[in-house]
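# Topology and contacts: notes
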Amino acid sequence: MNREERRNSILRAAADVLLEAGIPKTTMGDIARRAGMAKTSLYYYFKNKEDLVKTIIHDEQIRILGMIECAVECQDTVESKMTSLMEVYYQFISRRAWWISKEVMTEYRPLSSMVPLDRDHYLLPLKDLIEHIMREGIRKGELRPMEDLDLVAWVILASMVGCEYLFTFHKRNEWVMGVIRSMVGTFFAGINKEATCN
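## Describing the side chain of Thr 55
Among the structural elements, Thr 55 can be located in helix α4 (residues 49–73). With near-sequence residues (within four places) excluded, Thr 55 lies in contact with Arg 7, Leu 11 and Phe 46.

Have a look at this one:
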């Protein structure tokens, strides 16, 4: 097994252990045992547990951005693009909830504050995609022109982060997805080309 294959094997083993025990309870020894190697060998690949966890999260964030971009590209209207973006985002949020210990969950903090999000590699590209969707809507005549689309995109992203807890811990995910679709519909009804400002 070459170095890259071994590194990927460690990441898979770590993800499995983290899924079972959560970040706080997982040790480098646990990961080494699952990967079938000596604990000291892990340090040839990762500085410490935090470095390993950040790598797993970074890789997952890159994957989810690709999934979001693909889902958005498959849609025709700006509203359906934004709905697809949010659906994939919230599916990702619910999948990564297992990283968080039950004790931390009870503090009612947004999940994005518990699992580090890489601003430059995740949040900024997500904000840029939202802004691109909005610009496309204006260009296609679906949305009325707006000032400061950068700020609008950040507000939309902030609202998505604000809804994380509801989606992750609510037992009726399909109902929550319906609420999200309704939220997107309401938002776009306010900014569509036909909407008038008083």
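After that view of the structure, there is still more to cover.
## Concerning α4
Over its 25 residues, α4 runs 36 Å from end to end, which matches the ideal 36 Å to within 8%, given 1.5 Å per residue. Listing the buried residues of α4 in full gives Leu 52, Val 53, Thr 55, Ile 56, Ile 57, Glu 60, Gln 61, Ile 64, Leu 65, Ile 68, Ala 71 and Val 72. For α4, the N-terminal capping position is held by Asn 48, with its side-chain oxygen 3.1 Å away from the main-chain nitrogen of Glu 50.

## Focus: the pattern of salt bridges
Applying the stated criterion across every chain yields a total of 12 salt bridges. Among the ionic pairs, Lys 81 bridges to Glu 136, the shortest N-O distance being 3.7 Å. Here Lys 81, found in helix α5 (residues 78–96), pairs with Glu 136, found in helix α8 (residues 119–139); they are 55 residues apart in sequence, far enough to count as distant. Here Lys 81 falls in the buried class, since its relative accessible area comes to 8%. Salt bridges sharing common partners tie together Lys 127, Asp 128, Glu 131, Arg 135 and Asp 150.

Here is what the cut-offs are and how they apply
Residues numbered from 1 in each chain as written. Predicted model: local features only at pLDDT ≥ 70, side-chain atom pairs only at ≥ 80, totals over all residues. Heavy atoms only, no water. Helix = DSSP H or I, 4+ residues; strand = E, 2+ residues; numbered from the N terminus. Contact = heavy atoms within 4.5 Å. Expected span 1.5 Å × (residues − 1). Buried < 20%, exposed > 50% of the residue type's maximum accessible area, 1.4 Å probe, protein only. Polar contact = N/O pair within 3.5 Å; in protein donor to acceptor, adjacent residues only side chain to side chain. Salt bridge = Lys/Arg side-chain N within 4 Å of Asp/Glu carboxyl O.

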